[in-house]
Amino acid sequence: MSETETAASGSLVRVQNVDKIFKRGSEEVHVLGGLNLEIPEGEFLALMGPSGSGKSTLLNLIGGLDRPSQGSVEVGGERVDQLSNRKLAAWRARHIGLVFQFYNLMPVLSAQKNVELPLLLTHLSRSERKKRAAIALEIVGLSDRNGHFPRTLSGGEQQRVGIARAIVTDPTLLLCDEPTGDLDRKSGDEVLDLLQALNREQGKTIIMVTHDIHAAARAGRTLYLDKGQLSSEANV
Amino acid sequence: MKYLALILSNLKRHKLRTVLTMLSILVAFLLFGYLAAIRTAFTAGIDVADLDRLIVRHKVSLIQLLPASYEARMEQVEGVDEAVGQTWFGGYYQEQRNQFAQMPVKPGEFMDMYPEYVLADDEKEAWLNTRTGAIAGSQIAERFGWKVGDKVPITATIWTMNDGSQTWDFDLVGIYESGEKGTDTTQFFFHYDYFDESRPDWGKGLVGWYTVRIDDPERSAEISAAIDAEFANSQAETKAEPEGAFLQGFANQIGDIGFIMTSIVAMVFFTILLVAGNTMAYAVRERTNELAVLKALGFTDTGVMGLVLGESFLLTAIGGGIGLALSWLMVSAGDPTNGFLVVFFIPGRDMIMGVVLIGVTALVAGILPALQAQRLHIADALRR
């Protein structure tokens, strides 16, 4: 069943008739075909589906990391697919927080400096950047680890630093690509607790790609993506 | 400045690789500075050669002498203000290895011709009035510990005295300083009259070459031709040319120093470009994912390109800067040949060229990896 959200107002994300085709040599791979999706502000949405189903591709399109082959992607009223590369970069910096499966922290920077990275793109002073990074680290419960380098942190701690980096600019939308995929159950639960708290207490809109049913259960809604199409139920 | 910490952190990622690359760059720029000083030494005088001075020598060779009577005839040539003769004496002080340039000249005319040789008024006066008086450059005086008032015996290898003696005694009446960077202060000048009276008959009335001051540098070719025409078909035909060209030709007798130095530096820099370029290429390739993350966080394509270029600039600036500074220190410590090189310093223009080279090296080494980083497609890079 194709999923078409029809909420006329309150939709933060609106994906309409999106196709995404990748070229592998002379071969064209249709990853998404005529996909429609609307996500209201403040929602915690889980995206599930088999490997290669296009979950991360959809996340990339919403986050402006990639462009659709056809169709439109609108976030907060902005046609993301029509922005120039420069404007898109600025838009991402302002509106998108990204959490990756493998954390993607800079190994040469301390937790504090990693969290400060997105703030380098702002006009904030050094002390203000430091202050905001400290607050973000406090939110994720890592105030005491701010001087630590990623290699000295556990997987769960690294992911929490990743979340702190994602929220430090107070973005409109948090995009999490398998945030618990590389973590044990306990650390994964801690990360999910954190995401849930950010959604419930701070009203953050979150889209989380996951393979894990247990993780998806924490979201307010779960959609399944298979063969380029969305549905509200898994096709078993 | 806010990105400096990020760039520095990346340089510290592989400390050994960074240090080795920096050392390579350092050695290249050290060599650049040192060779610049050596080139300057070999071409000393060319840069300070006056445009309104010509050198007139025997057409066949510099070792063939010209009649002293040419001076008056040359001064009659239209456009010539003054002519001063000089002769290579070719002696040494105490030991044969202590060779340096000694020339008999007419003091008054000579000092007028070469204002870059700065001599105190009282010393100049003393030189004019002392038949056996001589002046030495500050560098050579320092080398041998001479001071004004000393008796300086010079042993002749060409010009024995007419009594058969090889030793000429001079009274050091002055020590001249350099009035212009690059001026040779290793020379020794004495009275032509004393020289001519005391040398054997076979050489009397002859000089090695003439320095001629002309009234219009733009007419140097025309006046040179007029001088040569004046002595055409005589027993001692002349070759007149601008002082700079003469000194360049003199330097070229050793070899084209400039070309040799440029070739060495070019080869060294080509190698350094490969080393630095390789380092930067590796740095970008192994950080593809991190660069993609930076872009995902909102860094623009140009911003990421700037970070990579900034890294290349910092790497080269530290290595090259230290290299240039070390070369300057080493050159400042003095001529390594104990006086064989008449001048030994890195000219300002070569230091500026060094700084420019640092920028060019950084740009060339970093531009391809930087462009690669700029073109990086976020989604593709994150999938790797």
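Just so it is clear, the model here is predicted, and its values are computed rather than measured.

Asks: Sorry if this is basic, but what is going on with the domain arrangement of chain B here?
Replies: Quite often, the size of an interface is put as the accessible area lost when its parts meet. Split into domains, chain B comes out as domain 1 (4-45 + 255-383) and domain 2 (53-252). The distance between the C-alpha centroids of domain 1 of chain B and domain 2 of chain B comes to 46 Å.

Asks: Hey, could you run me through the interface of chain A and chain B in this one?
Replies: Listed by partner, the interface residues are 18 residues for chain A and 18 residues for chain B. The greatest single-element share of the side of chain A that touches chain B, amounting to 6 residues, is contributed by helix 2 (residues 85-95) of chain A. Residues that form the side of chain A that touches chain B fall into these classes: 12 nonpolar, 3 polar and 3 charged.

Asks: Would you take a moment to explain the environment of A:I135 for this structure?
Replies: Residues and elements named next belong to chain A. Looking at where I135 falls in the secondary structure, it is placed in helix 4 (residues 126-139). For I135, a count of 14 C-beta atoms within 10 Å gives the class partly exposed. Expressed as a C-alpha distance, the spacing of I135 and V168, which sit 33 residues apart in the sequence, is 8.1 Å.

Asks: Would you mind going over the sheet that holds strand 1 (residues 53-58) of chain B with me for this structure?
Replies: The strands that make up a sheet pair up through hydrogen bonds in the backbone, lying either parallel or antiparallel. All names here are of chain B. As summarised here, the arrangement of the 4 strands in space is 3-11-1-12, forming an open sheet in which the pairing is antiparallel. Either end of the sheet is taken by a strand with one partner, and the two such strands are strand 3 (80-86) and strand 12 (238-242). The mean inter-strand angle of the sheet, taken between neighbouring strand axes irrespective of direction, is 25°. Together, strand 1, strand 3, strand 11 (209-214) and strand 12 form the strand contacts of helix 8 (residues 220-230), whose direction differs from that of strand 12 by roughly 165°.

Asks: When you look at the sheet that holds strand 5 (residues 78-79) of chain A in this model, what are you seeing that I'm missing?
Replies: All names here are of chain A. Strands sit in the order 2-1-4-5 across an open sheet of 4 strands; the sheet is antiparallel. If you trace the sheet from one side to the other, it starts and ends with strand 2 (27-40) and strand 5, each paired once. Taken together, the 10 bridges between strand 1 (residues 11-24) and strand 2 define a ladder with antiparallel strand orientation. Bridge pairing in strand 2 links K23 to E28. Packing against the sheet, helix 1 (residues 55-62) makes contact with strand 1, strand 2 and strand 4 (70-75), and its axis sits at approximately 120° to strand 1.

Cut-offs used in this document
Residues numbered from 1 in each chain as written. Chains lettered and ligands numbered in written order. Predicted model: local features only at pLDDT ≥ 70, side-chain atom pairs only at ≥ 80, totals over all residues. Domains from an automatic or database assignment. Contact = placed C-beta atoms within 7 Å. Helix = DSSP H or I, 4+ residues; strand = E, 2+ residues; numbered from the N terminus. Nonpolar A, V, L, I, M, F, W, Y, C, P; charged D, E, K, R; others polar. Buried ≥ 20, exposed ≤ 12 C-beta atoms within 10 Å, placed from the backbone. Pairing = 2+ DSSP bridges. Axes fitted to C-alpha atoms, helices over the stretch in contact; angles between N-to-C directions.

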